[in-house]
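Analysis of the macromolecular model
What follows is each chain in one-letter form.
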Amino acid sequence: MSDALRIDPTDWRTDTMRRRIRARYAAERRFRLAGLAAILISVGFLAFLLITMFVNGIGGLDWTFLTGSDATDPDRVGIWGAFKGSLLTMLVTIALAFPIGVLSAVYLEEYAPRNRWTDVIEVSINNLAAVPSIIFGLLGLAVFLNTMHLPRSAPLVGGLTLALMTMPVIVIAGRNAIKSVPPSIRDAALGVGASRIQVVFHHVLPLALPGILTGTIIGMARALGETAPLLMIGMRAFIASPPQGFTDPATALPVQIFLWSDEVSRGFVEKTSAAIIVLLAFMLVMNGLAIYLRNRFETRW
Amino acid sequence: MDMETTLAPKMTAANVNVFYGDKRAIEDVSIDVSREHVTAFIGPSGCGKSTFLRTLNRMNDTIANARVEGLIELDGEDIYGPAMEVEQLRARVGMVFQKPNPFPKSIYENVAYGPRIHGFAAGKVELDAMVERALVRAGLWEEVKDRLSESGTALSGGQQQRLCIARAIAVDPEVILMDEPCSALDPIATAKIEELIHELRGRYAIVIVTHNMQQAARVSQRTAFFHLGVLVEYGETTEIFTNPRQKRTEDYITGRYG
């Protein structure tokens, strides 16, 4: 009886205890090293890519290159045509994918009843986001070119196709962002007599916008680097003059890189690297803009 | 329930049932809400007092599988009837929630939001006056008048709750529903809210849900005791607390369960 009531203070100085603590410290160290190694591997690859590109491509970055279009002679080729094609394509993509994606997300989160149909829609959207891009290219070819007879090789069709691909990403990110807006804010707005649309546009969307923009950045960055679907709809043609509008034949930066990398002439190696630098710079500017917008909305209050 | 009221009740509920799916959360509740008194709903957790409160301004509409049966009237108008716009109803029957929930906007914008969406103010000057009046009535004006552009979420918990009361007052409601408004506040902030309820009494019909019996005794003139979704007893607060007619009420009030 007295045994059960006796209190023995733990002796922290025994060898077993010391060994246990030493093992714990060693585990901490091992984990830190493993994490550092993981970071170093990805940073190393990125640095390798950037350095190689710069070393190979910086010589090709001159005024002729930045303002010209595709040509057969590697000394006279330029990136402006492909750049403008990418720009027009991205404009079409964001103009479609952003509003439609955000509306879908709002509808699914705030309006749609929870039943079997919305479950089916949800699963379909999640699957759509994982469909290989070449399939979207085939879809674009079948629907926009063969059925709707839109012009071949045009940024309009490229943008439509990439919008189909980007939309699910924006819907998923948008739904998560909308879901993370606390219900108490909705209650507060409903409580003073706001209608559901007012709740969505005055409160939910502004609070969800940073998250929606993050998803949009990811989707747009993926669309900008996408090559395969554009090949399917004919944006791989040899285009010697920059497109003047959304329906002119054009190519895009990643497609141009793909085409040049296939050329046998030695002069194109440098131009391919230079084009990659331009593509990366475009992507950085686009992401920078989106991050700037996101931070602006986040610090508004 | 013999209540001698000189005026017609502000709200009446007759044989109200609330279901969540198949589960009945409120059983056959009939109650009158007096226009000149504070009415307290008390009862143990999960007894349905908050659920019933939320039927009075149709906040339960936002819960997917909630269903309300029975008749609830505001000045004789059926609030679930086809002629009642739910937005208008919620402006007339305002609500203050358990956890202070100011919008992540400035203090001014929090209060101005209601008048703005209902188009009450003709211009900036009028809106300013409305915001000031609501903040004065909520007893917050002196504390925030020099920092109206600061975020409402930066205020202390008690101030946030008074801001929420000001936000509800700003649309000139006829009834204010308060769902355990002090449960997240410290005793000093609670005392301020209770004081405020005293001051608002008479101007608005007030219904307050509370799990704190002392609070019900302090702030209300009418008390309704709910248990397991049933309205067990409803009457003068002094009667309920000193001379309850039902055994269950007496047991709860004397702390035999809760």
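Keep in mind the model is a prediction, meaning the values are calculated, not measured. Going along each chain's sequence as written, the residues are numbered from 1 onward. Note on labels: chains are lettered from A, ligands numbered from 1, in written order. Predicted model: local features are reported for residues with pLDDT of at least 70 only, side-chain atom pairs are reported and counted for 80 or more only, and whole-chain, interface and lining totals are derived from all residues. In computing side-chain values, all of the structure's heavy atoms are included and hydrogens and water are not.

Moving on: a positive patch on the surface. Residue and element names in this part refer to chain A. Here a patch means residues that are over 30% exposed by relative accessible area and free of salt bridges, tied together within 9 Å if like-charged and within 5 Å if nonpolar (Val, Leu, Ile, Met, Phe, Trp, Tyr). In this description, accessible areas are obtained by the Shrake-Rupley approach with a 1.4 Å probe, and a residue is regarded as covered only by the protein chains that are shown. Criterion for a salt bridge: a side-chain nitrogen of Lys or Arg within 4 Å of a carboxyl oxygen of Asp or Glu. Neither His nor the chain termini are counted; the positive set is Lys and Arg, and the negative set is Asp and Glu. One atom stands in for each charge, and that atom is NZ of Lys, CZ of Arg, CG of Asp or CD of Glu. A grouping of Arg 13, Arg 18, Arg 19 and Arg 22 is seen on the molecular surface, where their side chains present a positively charged patch. The way it works is that DSSP assigns letters per residue, a run of H or I at least four long becomes a helix, a run of E at least two long becomes a strand, and they are numbered from the N terminus. In this structure, Arg 22 sits in helix H2 (residues 15-57). Residue Arg 22 is classed as exposed on the basis of its relative accessible area, which comes to 53%. Here the term buried applies to any residue with accessible area under 20% of the maximum for its type, exposed to any over 50%, and partly exposed to those in between, with areas from a 1.4 Å probe on protein chains only.

Now for the packing of helix H4 (residues 80-111) of chain A against helix H11 (residues 253-261) of chain A. All names here are of chain A. A fitted line through C-alpha atoms serves as each axis, taken over the contacting stretch for helices, and the angle formed by two N-to-C directions is quoted from 0 to 180°. Two numbers describe how H4 lies on H11: the axes approach to 8 Å, and their chain directions differ by 145°. On H11, the residues that touch Ala 82, Phe 83 and Ser 86 of H4 are Leu 253, Pro 254 and Gln 256. In this classification, the charged set is Asp, Glu, Lys and Arg, the nonpolar set is Ala, Val, Leu, Ile, Met, Phe, Trp, Tyr, Cys and Pro, and all remaining amino acids, among them Gly, are polar. In terms of residue class, the contact of H4 with H11 is made up of four nonpolar, two polar and no charged. Every residue pair with non-hydrogen atoms within 4.5 Å of one another is taken to be in contact.

Attention now goes to the nonpolar core. Core analysis: the largest hydrophobic core is formed by 55 residues, its most contacted members being Met11(B), Ile31(B), Phe41(B), Phe52(B), Leu53(B), Leu177(B) and Phe226(B). Per-element tally for this core: the top contributor is helix H9 (residues 196-224) of chain A, with six residues. Setting aside chain neighbours within four positions, we find Met11(B) in contact with Ile31(B), Asp32(B), Val33(B), Leu56(B), Ile72(B), Glu73(B), Leu74(B), Ile79(B), Val93(B) and Val175(B). Counting residues in each nonpolar core, the second largest holds 44 residues, with Ala134(B), Leu140(B), Met178(B) and Val219(B) among its members. Within this scheme, the nonpolar core is defined by two criteria: the residues are buried Ala, Val, Leu, Ile, Met, Phe, Trp, Tyr or Cys, and they are joined through side-chain atoms within 4.5 Å.

The next subject is the domain arrangement of chain A. All names here are of chain A. Examined at the domain level, chain A breaks down into domain 1 (15-60) and domain 2 (63-297). The C-alpha-based centres of domain 1 and domain 2 are spaced at 33 Å. Listed as interface residues are eight residues of domain 1 and, on the opposing side, eight residues of domain 2. Buried area between domain 1 and domain 2, summed over both chains or domains, comes out near 660 Å², and the portion from carbon and sulfur atoms is 73%. When two parts are put together, the accessible area they lose, computed with a 1.4 Å probe and summed over both, is reported as buried area. Broken down residue by residue, the surface that domain 1 buries against domain 2 is led by Met 53, Asn 56 and Gly 60, which jointly contribute 63%. Note: domain ranges come from an automatic or database domain assignment.

This next bit is on the pairing of strand S2 (residues 23-33) of chain B. All names here are of chain B. Where strand S1 (residues 11-20) and S2 come together, seven bridges link them in antiparallel fashion. Bridge pairing in S2 links Ala 13 to Ile 31. Once S1 ends, the chain turns through two residues before running back antiparallel as S2, passing Gly 21 with a positive phi of about 65°. Any two strands are treated as partners once DSSP identifies two or more bridges connecting them.

Take the interface of chain B and chain A next. On the chain A side, the residues contacting the 22 residues of chain B number 16 residues. A buried area of about 1600 Å², summed over both sides, lies between chain B and chain A, and 65% of it is on carbon and sulfur atoms. For this analysis, a polar contact is any N or O atom pair within 3.5 Å, provided that within protein one partner can donate a hydrogen and the other can accept it, and provided that sequence-adjacent residues contribute only side-chain to side-chain pairs. One can count four residue pairs in polar contact (both at pLDDT 80 or more) joining chain B with chain A. Mapped by element, the contributors of at least two residues to the side of chain B that touches chain A are helix H2 (86-92), strand S6 (93-96), helix H3 (107-117) and helix H6 (157-169) of chain B. Broken down by class, the residue content of the side of chain B that touches chain A amounts to 12 nonpolar, five polar and five charged.

What follows covers the pattern of salt bridges. Residues and elements named next belong to chain A. Scanning the entire structure with this criterion turns up 24 salt bridges over all chains. The salt bridge partner of Glu 110 is Arg 186, with a shortest N-O separation of 2.7 Å. With Glu 110 in helix H4 and Arg 186 in helix H8 (residues 183-191), this pair connects stretches of sequence that are 76 residues apart. Under the relative-accessibility criterion, Glu 110 is labelled buried at 17%. Given a relative accessible area of 16%, Arg 186 falls into the buried group.

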